[in-house]
Amino acid sequence: MGICVKPVTTLLWAIPFLFGMSAAVVERGVDTETGLRSWEWREAGVSLQLVQRLPDQTRAFFQARGFSGAAAERIANACIFQTIFRNESEQPLSYRLDDWRILHRGASGKLMTRERWDAVWQEGEASQAARIALRWSLLPTSQRFEPGDYNWGMTGFGLPSGSTFDLEMVLRLGGEKLTRTIDGIVCPPDREVN
Amino acid sequence: MRGYLLAAVLLLSSLSSAAQQAGTGLTRLAEAPLAPDFSLLDVDGNVYRLSDYRGRVVIVNFWATWCPPCREEMPSMQRAWEQLRQEGILMIGINVGEDEDTIFQFTADYPVDFPLLMDSDSSVTRKWPVRGLPTTFVVDPTGRIVYQAIGSREWDDPALLAPVRALR
């Protein structure tokens, strides 16, 4: 099945040439078949792509893995994105999600990491198998990518459907600290799968 | 039910659109930590203990059926296995947190015949330096982890396998 992602906006940031490589680019896209929106940041051979996941998708995924309806609903409505982190630079890349910030309506918040989700569940609300599935389906809370490595994982921003927020990311690339912001990210809409 | 099926199709579509290409290369682990031993069952009930394979090179892949890049690399792992098994190199897939029925159904779509072991409570996975799926390690004949790959790879690429073969 050929899927076309149509880039609708490209921003070239006024960031100097770092590490002798390209300046930062944020490309926004809309999947012409599903209508899902995406944001991809690229700089110096490193990229991070966020793709909306409809609450219906997430609800079905976690119910199939043993979460109760209420628990799956809670995850589904936590502004979930599929996330792809890729290191095609020639240096190691590392991050800690606890260093990242969600900027929304003048307030600053943190991502829903594996550890924060673990603290959410009440006794009997989620089986061990369900928690294992959630843990491993989320983007790792911290990671070090060597050149050529990449990861997929879900990220949760804990905001209502349709919310718009900026994401401030902190990365280390070859020992250099980078702080970058992707602005205008929109939480997936709570619509049914057509 | 119809909604769930559509959701699954939509999920796969959106993920396919996000997928680009496999990662590249293997990272040499300078400290070469001792590989944590394990004793796990495969889907047929056979026991596999890593320490039983001391003296051989072992590729250990951590994966799950729902993980798109894990699925993506399975066919190339099978192609690599068809070569490596004749060279005395073992390949093992350790499934994280799923049951034998789920894995059995998966192998109908992704036929592989290297051992798929079940780490149902993820206790083995937590002892290895795994943070995300898939992650693959190469264990040398002395039982040390000497290479690592985070994310999928084209495992039948001769350039990727050259350093693995050199460990024999």
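For the structure, check the block above.
So, here is what we can say about the structure in this document. Everything numeric in this text was worked out from a predicted model, so none of it was measured.

1. Describing the overall build of chain A
If you tally the helices and strands in chain A, you get 4 helices and 12 strands. Of the contacts made within chain A by residues no fewer than 6 positions apart, 62% connect residues no fewer than 24 positions apart. When the accessible area of chain A is evaluated, it comes to approximately 8100 Å², of which 48% is carbon and sulfur surface.

2. Considerations on the packing of helix H1 (residues 55-63) of chain A against helix H2 (residues 69-76) of chain A
Residues and elements named next belong to chain A. Between H1 and H2, whose axes approach to 8 Å, the crossing angle comes to 140°. What the angle tells us is that H1 and H2 run oblique. Classified by chirality, the crossing of H2 by H1 is right-handed. Residues Pro55, Thr58, Arg59, Phe62 and Gln63 of H1 lie in contact with H2, whose contacting residues are Gly69, Ala72, Glu73, Ile75 and Ala76. Of the residues belonging to the contact of H1 with H2, the class tally is 5 nonpolar, 3 polar and 2 charged.

3. Let's talk about the pattern of salt bridges
All names here are of chain A. Per the stated rule, a full pass over the model turns up 17 salt bridges over all chains. Ionic pairing is found between glutamate 88 and arginine 86, a salt bridge with its closest N-O pair at 3.8 Å. Residue glutamate 88 is classed as partly exposed on the basis of its relative accessible area of 45%. Residue aspartate 99 is joined to arginine 96 by a salt bridge in which the shortest nitrogen-to-oxygen separation is 2.8 Å. Assessed through its relative accessible area of 29%, aspartate 99 is described here as partly exposed. Each of Glu27, Glu40 and Arg42 takes part in one network of salt bridges that share partners.

4. Considerations on the layout of surface pockets
Here the second largest pocket is characterised by a volume of approximately 280 Å³. If you go around the second largest pocket, you meet 13 residues; those closest to its centre are Arg144 of chain A together with Leu29, Pro129, Gln148 and Ile150 of chain B. Only strand E9 (142-145) of chain A together with strand E8 (145-150) of chain B provide two or more residues apiece to the lining of the second largest pocket. Its residues assigned to classes, the lining of the second largest pocket shows 5 nonpolar, 4 polar and 4 charged.

5. A word on empty space enclosed by the protein
Residues and elements named next belong to chain B. On inspection of all chains with the given rule, the structure shows 2 cavities of 30 Å³ or more. By volume, the largest cavity amounts to about 80 Å³. Lining the largest cavity are 13 residues, with Leu50, Ser51, Arg54, Val139 and Gly143 sitting closest to its centre. Here the residues of the lining of the largest cavity sort into 6 nonpolar, 3 polar and 4 charged.

6. Focus: the state of the cysteines
Residues and elements named next belong to chain A. As enumerated under the stated definition, the model contains 2 disulfides over all chains in all. There is a disulfide in this structure between cysteine 79 and cysteine 187, and the S-S distance comes to 2.1 Å. Taking the sign of the S-S torsion, -90° for the link of cysteine 79 and cysteine 187, the bridge is left-handed. With cysteine 79 in the loop between H2 and strand E5 (80-87) and cysteine 187 in the segment after strand E12 (176-186), this pair connects stretches of sequence that are 108 residues apart. With respect to burial, cysteine 79 and cysteine 187 carry one shared label: buried.

7. Thoughts on the sheet that holds E8 of chain B
Residues and elements named next belong to chain B. Pairing within the open sheet is mixed, and its 6 strands lie in the order E1-E8-E7-E4-E5-E6. In this open sheet, the two edge strands, each paired with only one partner strand, are strand E1 (27-28) and strand E6 (116-119). Here strand E4 (residues 58-63) runs beside strand E7 (residues 135-139); their pairing, made up of 5 bridges, is antiparallel. Its bridge partner lying in E7, isoleucine 59 is registered against valine 138. Along the sheet, helix H2 (residues 68-84) makes contact with E4, strand E5 (90-96), E6 and E7, crossing E4 at roughly 165°.

8. A short note on a negative patch on the surface
Residues and elements named next belong to chain B. Side chains of Asp44, Asp99, Glu100 and Asp101 sit close together on the surface and give a patch of like negative charge. Position of aspartate 44 among the secondary structure elements: in the loop between strand E2 (39-41) and strand E3 (47-49). Assessed through its relative accessible area of 65%, aspartate 44 is described here as exposed.

9. Things to note about the packing of aromatic side chains
Each pair of aromatic rings is reported with the distance of its centres and the angle of its planes. Applying the stated criterion across every chain, the model contains 21 aromatic pairs over all chains. When the centroid spacing of 4.8 Å and the interplanar angle of 85° are considered together, the rings of phenylalanine 61 of chain A and phenylalanine 62 of chain A count as edge-to-face. Judged on exposure class, the residue phenylalanine 61 of chain A and its partner phenylalanine 62 of chain A are both buried. Judged by centre distance (6.0 Å) and plane angle (80°), the ring pair of phenylalanine 62 of chain B and phenylalanine 137 of chain B falls under edge-to-face. One end of the pair, phenylalanine 62 of chain B, is in strand E4; the other, phenylalanine 137 of chain B, is in strand E7, and 75 residues separate them in sequence. Here the two residues phenylalanine 62 of chain B and phenylalanine 137 of chain B agree in accessibility, since each one is buried. Members of the aromatic cluster, each reached through a chain of ring pairs, are Phe61, Phe62, Phe67, Trp117 and Trp121 of chain A together with Trp66 of chain B. Arginine 114 of chain A extends its terminal NZ or CZ atom over the ring of tryptophan 136 of chain A, reaching a point 5.0 Å from the ring centre.

Here is what the cut-offs are and how they apply
Residues numbered from 1 in each chain as written. Chains lettered and ligands numbered in written order. Predicted model: local features only at pLDDT ≥ 70, side-chain atom pairs only at ≥ 80, totals over all residues. Heavy atoms only, no water. Helix = DSSP H or I, 4+ residues; strand = E, 2+ residues; numbered from the N terminus. Contact = heavy atoms within 4.5 Å. Areas by Shrake-Rupley, 256 points an atom, 1.4 Å probe, with all protein chains shown as cover. Axes fitted to C-alpha atoms, helices over the stretch in contact; angles between N-to-C directions. Parallel < 35°, antiparallel > 145°, perpendicular 65-115°, else oblique. Left-handed = near helix turned anticlockwise from the far one by under 90°. Nonpolar A, V, L, I, M, F, W, Y, C, P; charged D, E, K, R; others polar. Salt bridge = Lys/Arg side-chain N within 4 Å of Asp/Glu carboxyl O. Buried < 20%, exposed > 50% of the residue type's maximum accessible area, 1.4 Å probe, protein only. 1 Å grid on protein atoms, 1.4 Å probe; cavity = no way out; pocket = protein on both sides within 12 Å on 5 of 7 lines; lining within 4 Å. Points joined across faces, edges and corners; volume = space filled by probe spheres on them. Disulfide = S-S within 2.5 Å. Pairing = 2+ DSSP bridges. Patch = residues over 30% accessible without salt bridge, like charges linked within 9 Å, V, L, I, M, F, W, Y side chains within 5 Å. Lys, Arg positive; Asp, Glu negative; His and termini not counted. Charge placed at Lys NZ, Arg CZ, Asp CG, Glu CD. Phe/Tyr/Trp six-rings, centres within 6.5 Å; stacked < 30°, edge-to-face > 60°. Lys NZ or Arg CZ within 6 Å of the ring centre and 35° of its normal.

Geometric descriptors of this kind do not, in isolation, establish any biological role.
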